[in-house]
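The residues making up each chain are set out below.
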Amino acid sequence: MVSVPPAQSELISADQPQSDLVLALPKGRILQEAMPLVRAAGIEPETAFDDPGSRKLQFDTNIPGLRIIRVRAFDVATFVAFGAAHLGIAGNDVLMEFDYPEIYAPLDLKIGHCRLSLAEPEDLAREDDPQSWSHVRVATKYPNLTGRYFAARGVQAECVKLNGAMELAPALGLCPRIVDLVSTGSTLRANGLREVAVLTQITSRLIVNRAAFKTYPDQVGGWVERFQNALGAADAA
Ligand SMILES: Nc1ncnc2c1ncn2[C@@H]1O[C@H](COP(=O)(O)OP(=O)(O)OP(=O)(O)O)[C@@H](O)[C@H]1O
Ligand SMILES: O=P(O)(O)OC[C@H]1O[C@H](OP(=O)(O)OP(=O)(O)O)[C@H](O)[C@@H]1O
């Protein structure tokens, strides 16, 4: 059965193909910020979702035909791009890194605020001039985004892919610089690094699979509208 917000249910046409809709949520830090919006959009997951002891990865909701899956932040984009999930919530860091044409990101949810920055050890930063670089070697979880950013500025970026703890790379001689997410800056400070360039500002987006949007315009569009309203209500509060 196609899931729709209750108020939209009359929009389902009888001859439309029927299948469950799947909403992919990231299990990391965004989840806490995202859940008030998910709930304000009218979606209440089954109780196992909030049970830390549960090993379930997919969850029924109060909306018949709408399931939630909880996956790693990067995998939200992949599930949605391949149509395994129809909607999702992902940071635009992840969206820019993959650059999947199958994903449409209609809504900035204004959560998960941070920035993607290049940082280097304090000693190096004191004398360094990023404008003079023709080549830069960085440790990052975002090799594609970083490569594109520097290529557009005539700089060749050599990226060593890490999945976390990038801040260790300069001190241990892996790479002199890193490109990573920065919010408060405390992780950089604690590791003797200084931010020297901001590649892009980051927030989380509601994302949809383009084909699902075309196939179920009322249903998927209905959820986009619900999230938009939830966002408007949060802004007004
Ligand atoms: N320090 C931060 N402040 C605000 N938002 C952040 C911060 N770090 C990451 N984010 C946002 O949260 C998303 C998920 O980050 P999180 O740290 O939860 O997962 P991850 O460590 O990247 O993924 P995983 O643990 O699955 O490898 C990022 O893609 C980004 O959009
Ligand atoms: O500027 P700050 O407020 O210190 O935040 C920045 C840190 O947050 C993220 O890591 P996270 O805590 O998600 O851990 P991870 O490296 O395992 O992804 C990011 O990769 C930085 O390390």
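If you're wondering where the values come from, they're calculated on a predicted model, not measured in any experiment. (Residues numbered from 1 in each chain as written. Chains lettered and ligands numbered in written order. Predicted model: local features only at pLDDT ≥ 70, side-chain atom pairs only at ≥ 80, totals over all residues.)

> Sorry, what's going on with helix 1 (residues 30-40) here?
Side chains that are three or four residues apart share a direction in an α-helix, a result of its 3.6 residues per turn. If you check which residues of helix 1 are buried, you get I30, L37 and V38. Down the axis of helix 1, the smallest arc covering the buried residues is 105°, so these residues share one side. The exposed set on the far side of helix 1, more than 90 degrees from its buried face, consists of Q32 and P36. The first or second residue beyond helix 1 is G42, which carries a positive phi of 100°. (Buried ≥ 20, exposed ≤ 12 C-beta atoms within 10 Å, placed from the backbone. Helix = DSSP H or I, 4+ residues; strand = E, 2+ residues; numbered from the N terminus. Arc of directions from axis to C-beta.)

> Any chance you could explain the domain arrangement of the protein chain here in plain terms?
The parts lose accessible area when they come together, and the size of an interface is often stated as this lost area. Segmenting the protein chain into domains produces domain 1 (6-112 + 203-236) and domain 2 (114-201). On the side of domain 2, seven residues touch domain 1, which itself brings five residues to the contact. Tallied by class, residues from the side of domain 1 that touches domain 2 come to one nonpolar, one polar and three charged. (Domains from an automatic or database assignment. Contact = placed C-beta atoms within 7 Å. Nonpolar A, V, L, I, M, F, W, Y, C, P; charged D, E, K, R; others polar.)

> Whenever I open this one, the sheet that holds strand 1 (residues 21-26) confuses me. Can you help?
Think of a sheet as strands paired side by side through backbone hydrogen bonds, with each pair either parallel or antiparallel. Ordered by their spatial adjacency, six strands build an open sheet running 2-3-1-4-11-5, and the pairing between neighbours is mixed. Each having just a single partner strand, strand 2 (58-60) and strand 5 (103-108) make up the two edges of the open sheet. Put simply, the sheet's adjacent strands are angled 30° from each other on average, direction ignored. Pairing geometry for strand 1 and strand 4 (residues 87-91), over two bridges, is parallel. (Pairing = 2+ DSSP bridges. Axes fitted to C-alpha atoms, helices over the stretch in contact; angles between N-to-C directions.)

> Quick question: what am I supposed to make of the pairing of strand 4 here?
Two faces belong to every sheet, and in a regular strand the side chains alternate between them. The element strand 4 is extensively covered by neighbouring structure, given that five of its five residues are classed as buried. In this sheet, strand 11 (residues 204-209) lies alongside strand 4 in antiparallel orientation, the contact comprising five bridges. When the bridges of strand 11 are listed, G91 appears paired with S204.

> It is not clear to me how the UniProt feature "domain: ATP phosphoribosyltransferase catalytic" (unreviewed entry) in the protein chain should be interpreted in this structure. Could you clarify?
In the numbering used here, UniProt assigns the feature "domain: ATP phosphoribosyltransferase catalytic" (unreviewed entry) to residues 72-228. This span, residues 72-228, is 34% helix and 34% strand, and a straight line between its end C-alpha atoms measures 24 Å. (UniProt positions renumbered as here; feature names shortened; annotations may be inferred.)

> Looking at this structure, I do not really get the nonpolar core. What am I missing?
Note that soluble globular proteins tend to have their nonpolar side chains buried in a common cluster. If you look at the biggest cluster of nonpolar residues, it comprises 38 residues, and the most contacted ones within it are L23, A24, V76, V80, L87 and I207. Contact partners of L23, with chain neighbours within four places excluded, come to L66, I68, A85, L87 and G88. (Core = buried A, V, L, I, M, F, W, Y, C linked by C-beta atoms within 7 Å.)

> Honestly, the site of ligand 2 in this entry has me stumped. Any pointers?
Looking at ligand 2, the residues that line it are R29, G164, A165, D180, L181, V182, S183, T184, G185, S186 and T187. Every element with two or more residues in the shell around ligand 2 is listed here: strand 9 (177-182) and helix 6 (186-190). In terms of residue count, the dominant contributor to the shell around ligand 2 is strand 9 (three residues). Across the shell around ligand 2, the residue classes tally to three nonpolar, six polar and two charged. (Near = placed C-beta within 6 Å.)

> Mind showing me how you'd approach the sheet that holds strand 8 (residues 156-161) here?
Read across the open sheet, the five strands follow the order 8-7-9-6-10; overall the sheet is mixed. What marks the edges here is a single partner per strand, and that holds for strand 8 and strand 10 (193-202). Neighbour-to-neighbour, the strand axes of this sheet turn through a mean angle of 30°, independent of strand direction. Two strands pair when backbone bridges link them, and strand 7 (residues 135-140) and strand 8 are joined in this way by six bridges, in the parallel orientation. Across the sheet, residue V138 finds its bridge partner in strand 8, namely C159. Where helix 5 (residues 143-151) meets the sheet, it contacts strand 7, strand 8, strand 9 and strand 10, and its direction lies at approximately 170° from that of strand 8.

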